[in-house]
Amino acid sequence: MSTTLPPSGRPLDGPYPFDNDSPHSAGHHLSLEQALDPLTLGHLADAGVTRGAHCLEVGSGAGSVAHALTRLVAPGGTVTATDVKPGRIAPAPGLVVLTHDIVNDPLPEARYDVVVARLVLQHLPERREVLRRLARALVPGGLIQIDEFDTSTEHCLLAPAPDDARLYDRFTAAKADLMRAAGGDPAWGRHVPADLLAAGFTALDIRPHVLLRAPGRPALGLQLHHLTHFAPGLLDAGFTPSELDRLRAVMNDPGFAAVTGVLHSVQARRPA
C-alpha cells in the first residue's frame with residue numbers, strides 16, 4: 001500500500017548530504033544495510049518485537065529495516081515507513097509508505113507499538129521536539145529505538161604511512177564539519193539517552209557499538225561512499241583531487257584499519 005501526505009517543503013539549514021535522489025544513494029543504503037541492519041534488528045528482536053505489532057519507521061531510506069520489520073510482525077502486524085523522499089522503498093504486504101516530514105507533518109496519537117529512527121534525527125535541529133512528537137505517537141508502554149552515531153572518535157588505527165593516517169583523520173574531521181554546516185549534529189548519539197529522558201521516556205536500554213573499517217568490511221564500504229558523497233564539499237574545504245584519490249587508495253589498502261564512531265542504539269518506553 002502506498003499513501004502520500006503533502007510534503008511541507010521545509011528547507012534544511014544546508015544541503016542534506018545523503019539525499020535519496022543522489023546518484024550515490026543506492027550504494028549508500030546498501031552499505032548501511034550490510035553494516036547496521038544486524039545491530040538495529042537484533043536489538044528490536046531482543047526487545048520482543050514480534051507478530052501483531054504496529055510499527056513506525058522514521059526516515060526509512062531504501063526500506064531495509066522496514067521490510068525486515070514487516071516480516072518480524074507478520075501476521076497481523078503493520079509497518080509504516082516514512083521519508084521525505086520515499087521513492088526507493090519497494091512495496092510489500094503489511095507495509096504502508098508515506099511521504100512525510102517528521103518535523104511538520106501530523107502523526108496519529110497513541111497509534112504505534114514500536115517507533116524506530118536510525119541516523120535521522122541527528123540531521124534535524126528540531127530533534128528534541130521530534131522525540132516528544134514520537135512519544136505521543138506511541139501507545140502507553142510502547143517502545144522507541146533511536147540508533148545514532150557519535151563520530152567524534154572516528155580514528156585511523158593503521159595506515160600505509162603516517163601521512164596517510166593524518167590525511168584520513170583530516171577527512172573525518174572535515175566530514176563532521178560539513179554535516180554540522182547542513183544543520184546536523186554528528187556527535188548527537190552520545191546525547192540520545194539524556195534527550196529521551198527529557199522527552200518523558202523511561203526504562204532505557206543502551207547498547208553502544210563500534211565497528212571496524214577495513215577492506216572487506218561493510219563499515220568501510222559506508223565510509224567509501226561518504227568519500228564520494230562529500231567530495232564536492234571536501235574540495236571546497238581545501239582538499240585536492242589527488243588527496244581524495246589518495247584517501248580512496250589508502251582505505252582500500254590491506255594495511256588500513258579504522259574505527260567508526262560509537263553507534264548508540266537506545267531503547268526506551270512511553271510510560272504506561
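The paragraphs below set out a description of the structure included in this document. A quick note: this is a predicted structure, and the numbers were derived from the prediction, not measured.

## Section: the overall build of the protein
Next up, step 1: A tally of helices and strands in the protein yields eight helices and eleven strands.
Next up, step 2: In terms of C-alpha radius of gyration, the protein reaches 19 Å, essentially the compact-globule figure of 19 Å for 272 residues.
Next up, step 3: Once the C-alpha set of the protein is aligned to its principal axes, its extents read approximately 55 × 35 × 35 Å.
Next up, step 4: Put simply, the protein has 272 residues, and 51% of those count as buried.
Next up, step 5: In the protein, the proportion of contacts linking residues at least 24 apart, taken out of those at least 6 apart, comes to 79%.
Next up, step 6: Roughly 11500 Å² of accessible area belongs to the protein as shown, and the carbon and sulfur atoms make up 58% of that amount.
Next up, step 7: With 24 positive and 29 negative side-chain charges, the protein shows a separation of 4 Å between the mean positions of the two kinds.

## Things to note about the pattern of salt bridges
Next up, step 1: Tallied over the full model, the rule gives 13 salt bridges.
Next up, step 2: Across the pair Lys175 and Glu154 runs a salt bridge whose closest N-O atoms are separated by 3.3 Å. Taken as a pair, Lys175 in helix α4 (residues 162-181) and Glu154 in the loop between β6 (138-150) and β7 (156-158) lie far apart in primary sequence, 21 residues in all.
Next up, step 3: Given the relative accessible area of 3%, Lys175 is considered buried.
Next up, step 4: Its relative accessible area of 4% is what places Glu154 among the buried residues.
Next up, step 5: Ionic contacts of the salt-bridge type, sharing partners, join the residues Asp46, Asp205 and Arg207 into one network.

## Considerations on the sheet that holds strand β10 (residues 257-259)
Next up, step 1: If you walk across this open sheet you meet the three strands as β7-β10-β9, and the pairing is antiparallel. Of all strands in the sheet, those bounded by a partner on one side alone are β7 and β9 (212-213).
Next up, step 2: Sheet analysis places β7 next to β10, joined by two bridges and oriented antiparallel. Across the sheet, the residue bridging to Leu158 is Ala257, located in β10.
Next up, step 3: Where α4 meets the sheet, it contacts β7, β9 and β10, and its direction lies at approximately 160° from that of β7.

## Some thoughts on the packing of aromatic side chains
Next up, step 1: For the structure on display, the rule yields two aromatic pairs.
Next up, step 2: Taking the centre distance of 6.0 Å and the plane angle of 65° together, the rings of Tyr168 and Phe171 count as edge-to-face. Taken together, the residues span about one helical turn, with Tyr168 and Phe171 both in helix α4 at a distance of three residues.
Next up, step 3: Judged by its relative accessible area of 0%, Phe171 falls in the buried class.
Next up, step 4: In this structure, Arg127 packs its charged tip against the face of Trp188, placed 5.8 Å from the ring centre.
Next up, step 5: Across the ring face of Phe239, the terminal group of Arg170 is positioned such that the distance to the ring centre comes to 3.9 Å.

## Some details on a nonpolar patch on the surface
Next up, step 1: Residues Leu157, Leu158 and Leu212 make up a contiguous nonpolar surface patch of about 270 Å² in total accessible area.
Next up, step 2: In this fold, Leu212 is placed in strand β9.
Next up, step 3: Its relative accessible area of 32% is what places Leu212 among the partly exposed residues.

## Observations concerning the pairing of strand β5 (residues 112-118)
Next up, step 1: For β5, the buried fraction is high: six of the seven residues fall into the buried class.
Next up, step 2: Pairing of strand β2 (residues 54-58) with β5, which is carried by four bridges, proceeds in the parallel orientation. Counterpart to Cys55 in the pairing with β5 is Val114.
Next up, step 3: Bridging between β5 and β6 involves six bridges; their strand directions are parallel. Along β6, the bridge assignment pairs Tyr112 with Leu138.

Conventions and cut-offs
- Residues numbered from 1 in each chain as written.
- Predicted model: local features only at pLDDT ≥ 70, side-chain atom pairs only at ≥ 80, totals over all residues.
- Heavy atoms only, no water.
- Helix = DSSP H or I, 4+ residues; strand = E, 2+ residues; numbered from the N terminus.
- Rg over C-alpha atoms; globule rule 2.2 N^0.38 Å.
- Buried < 20%, exposed > 50% of the residue type's maximum accessible area, 1.4 Å probe, protein only.
- Contact = heavy atoms within 4.5 Å.
- Areas by Shrake-Rupley, 256 points an atom, 1.4 Å probe, with all protein chains shown as cover.
- Lys, Arg positive; Asp, Glu negative; His and termini not counted.
- Charge placed at Lys NZ, Arg CZ, Asp CG, Glu CD.
- Salt bridge = Lys/Arg side-chain N within 4 Å of Asp/Glu carboxyl O.
- Pairing = 2+ DSSP bridges.
- Axes fitted to C-alpha atoms, helices over the stretch in contact; angles between N-to-C directions.
- Phe/Tyr/Trp six-rings, centres within 6.5 Å; stacked < 30°, edge-to-face > 60°.
- Lys NZ or Arg CZ within 6 Å of the ring centre and 35° of its normal.
- Patch = residues over 30% accessible without salt bridge, like charges linked within 9 Å, V, L, I, M, F, W, Y side chains within 5 Å.

All we've got here are geometric facts, nothing functional implied.
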